[in-house]
Amino acid sequence: LTLLAQTAGVQVVGNVTQRLETPNPATLIGTGKLEDLHMLVLELGANAVIFDDELSPRQQRELESVLGQEVKVIDRTALILDIFARHARTREGSVQVELAQYEYRLPRLTRAWTHLARQAGGRAGGAGGGVGVRGPGETQLEVDRREIGRRISFLKRQLQEIRKHRDQYRRHRRQGAIPVIALVGYTNAGKSTLLNALTKAEVVAENQLFATLDPTTRRATLRSGHTVLFTDTVGFIQKLPTELIAAFRATLEEVTEATLLVHVVDAAHGNMDEQAAAVEEVLEDLGAGDKTIVTAFNKIDLLDMDDEHVRDRLRSAGAEYPHAVAISARTGQGLDQLSDAIDQVLREGMVPVDALIPYAHGELVALAHSHGFVDQEEHTPAGTHLIARMPPELAGRYTDYWLPNESSSTIRPAEQN
């Protein structure tokens, strides 16, 4: 929470924690702790209090009534939304953030009109209105709700257009059968730095939370010579607001549509295990929990690799996570091993092909070299005998040239489907 606050430009002057079996429905924290907090705010001269959990509109009102109207009460969701708003650089990012902000603020509108809550009722509230029931405050509130409702509908339509555009883009990529590898991980784990190192891209890579909001896709060539697309995605975090997951659906679908995921873990962070678990939880929420994952333990340049405890920690983590590689995106250490691990996983997900390609269709041989893995290539009088592994969407092109070899362990594309 401190890192989030500092990212938003807030100077943190103190913190308070409380362990409760159940939150106080009125103020989240207990009444005694709230008084202690009030005294600390006065003592430090603080003008804002940030809670690490989401506050209900009622809790926010009650807390501000105790702490004073001059003290701004913010919850974790509002803080993250503010950071996203600061970092949104494209139209897509801005639309997604604005939608999330409006959906968060809509149920909290009543706070803006508390000063009008007891204004004249009677006829001002309509023929059936009781005294103090329908004053100018409620009328203004209804106007604002309608206006925000219209804005939300407009933003959702825009996002639908953005989603259609992304769907078309992904469909075009699938037709090209180029594997798409999504870089996922906790915010500030080094995904953008890794993208730059792998693809020579020049995307913004800053040492702060949520520096990247908009997905960036770049082409790269693995050590095997295979072409892939790497996509940098928005960073995850513990207790990621549901409004953001919903608003960033079009962006986060880059994760669910990817061929495989590279989970970038900050190996130098003290809470590495907790951060990795938070990413896995978000992937489950997105429906991407069953995706094949290569785990990249990043920032090993910040670790003392001569320390036996550090090596033991990385070994145990590597045993827990499949296809684990220790890297430094900043120095380039371990990137060759990461390329090989990605290559191996891609190979395992492809369809075996055993075919005799006529020389008149040499483009199929070239296709196997550029998009698949060729295990054996033999030139015969009838054509090129090819044993390879191909992406499922391309394997069907070899059906007409399949060898009737009953002893072969390969599977025909039709049988595979």
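Going by the structure above, here's the rest.
Keep in mind the model is a prediction, meaning the values are calculated, not measured.

Chemist: Just give me the short version of the sheet that holds strand 5 (residues 227–232), but keep the residues and values in it.
Modeler: Across the sheet, which stays open at both edges, the six strands sit in the order 4-5-3-6-7-8 with mixed pairing between neighbours. With one partner strand each, in any of the chains shown, strand 4 (216–221) and strand 8 (324–326) form the two edges of the open sheet. Recorded for the sheet is a direction-independent mean angle of 25° between the axes of neighbouring strands. In terms of strand pairing, strand 3 (residues 180–185) meets strand 5 through four bridges, oriented parallel. Each residue of the ladder has a partner; that of A182, found in strand 5, is T231.

Chemist: Tell me about the sheet that holds strand 11 (residues 383–390), and name the residues and values.
Modeler: The strand order across the open sheet formed by three strands is 9-11-10, and the pairing between neighbours is antiparallel. Strand pairing shows two members of the sheet lacking a second neighbour, strand 9 (351–357) and strand 10 (373–380), which therefore form its edges. Averaged over all neighbouring strand pairs, the angle between strand axes comes to 10°, with direction disregarded. With seven bridges connecting them, strand 9 and strand 11 associate as antiparallel partners. For V353, the partnering residue across the bridge sits in strand 11 and is A388. Each of strand 10 and strand 11 touches helix 12 (residues 335–348); the most contacted strand, strand 10, lies at about 65° to it.

Chemist: Describe the pairing of strand 7 (residues 293–298), naming the residues involved and giving the relevant values.
Modeler: Among the six residues in strand 7, six count as buried, and that is most of the element. On strand 7, burial covers both faces: I293, T295 and F297 on one face and V294, A296 and N298 on the other are all buried. For strand 6 (residues 260–266) and strand 7, the ladder comprises six bridges, and the chain directions are parallel. Following the sheet pairing, H263 is matched in strand 7 by T295. The β-α-β motif built from strand 6, the intervening helix 10 (residues 272–286) and the parallel element strand 7 has right-handed crossover chirality. In the sheet, strand 7 pairs with strand 8 via three bridges, with the strands oriented parallel. By the bridge assignment, A296 is partnered in strand 8 with V325. With helix 11 (residues 308–320) bridging strand 7 and its parallel neighbour strand 8, the resulting β-α-β unit is right-handed.

Conventions we followed
- Residues numbered from 1 in each chain as written.
- Predicted model: local features only at pLDDT ≥ 70, side-chain atom pairs only at ≥ 80, totals over all residues.
- Heavy atoms only, no water.
- Pairing = 2+ DSSP bridges.
- Helix = DSSP H or I, 4+ residues; strand = E, 2+ residues; numbered from the N terminus.
- Axes fitted to C-alpha atoms, helices over the stretch in contact; angles between N-to-C directions.
- Contact = heavy atoms within 4.5 Å.
- Buried < 20%, exposed > 50% of the residue type's maximum accessible area, 1.4 Å probe, protein only.
- Right-handed = clockwise from strand over helix to strand, strands pointing away.

What is shown is where atoms sit, not what they do.
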